[in-house]
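As a plain string of letters, each chain reads:
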Amino acid sequence: MGEGDRQDRKEATKLFVAVAVALILLVLLGFGGLYYLGAAMGPGDPFSAGLGLKNAALISFAVSLTVILVMAVASGGDAIFGELPFTIAGFLIFFVIFWLMIAWIF
């Protein structure tokens, strides 16, 4: 096995782990969404009184993380490993925008 093969295996393993984590987070977000939709049908509607900044921060964190993970995986892994400062800055910008917009709208 050559050095190039080892490097390719390491990169493939890192990408596999990133995709697995993204899928697990997507499933967890789906279950959270089903919880809120199920609760919206009953008397304990979580959106009836409006969302505060705390709940909006939780929702925007999940949305921002999902968006950044999808963008990083779609870029072929470069955004995960090569451009980490830009990825973190993008996450923070998405988080603040989503946080304030969710709190304002809901």
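Residues numbered from 1 in each chain as written. Predicted model: local features only at pLDDT ≥ 70, side-chain atom pairs only at ≥ 80, totals over all residues. Heavy atoms only, no water.

Asker: Quick question: what am I supposed to make of the overall build of the protein here?
Answerer: Of the regular secondary structure elements, the protein holds 4 helices and 0 strands. Each helix and strand of the protein, ordered N terminal to C terminal, gives the series α-α-α-α. Within the span of the protein, comprising 106 residues, buried residues form 18% of the whole. Considering only contacts in the protein between residues 6 or more positions apart, those separated by 24 or more positions represent 74%. (Helix = DSSP H or I, 4+ residues; strand = E, 2+ residues; numbered from the N terminus. Buried < 20%, exposed > 50% of the residue type's maximum accessible area, 1.4 Å probe, protein only. Contact = heavy atoms within 4.5 Å.)

Asker: Please explain the packing of helix α2 (residues 53-74) against helix α4 (residues 84-105) as it appears in this structure.
Answerer: For any two helices packed against each other, the geometry comes down to the angle between their axes and how far apart the axes lie. Between α2 and α4, the least distance of the axes is 8 Å, while the angle of their chain directions is 140°. The angle between α2 and α4 falls in the class oblique. As α2 packs across α4, the resulting crossing turns out to be right-handed. For the pair formed by α2 and α4, the contact residues are Leu53, Ala56, Ala57, Ile59, Ser60, Phe61, Val63, Ser64, Leu65, Val67, Ile68 and Met71 on the first element and Thr87, Gly90, Phe91, Phe94, Phe95, Phe98, Trp99, Ile102 and Ala103 on the second. Tallied by class, residues from the contact of α2 with α4 come to 17 nonpolar, 4 polar and no charged. (Axes fitted to C-alpha atoms, helices over the stretch in contact; angles between N-to-C directions. Parallel < 35°, antiparallel > 145°, perpendicular 65-115°, else oblique. Left-handed = near helix turned anticlockwise from the far one by under 90°. Nonpolar A, V, L, I, M, F, W, Y, C, P; charged D, E, K, R; others polar.)

Asker: Explanation requested: the side chain of Ser64 in the structure shown.
Answerer: Tracing the backbone shows Ser64 in helix α2. On the basis of relative accessible area, Ser64 is assigned to the buried category, the value being 0%. Apart from the residues within four sequence positions on either side, Ser64 is in contact with Phe91, Phe94, Phe95 and Phe98.

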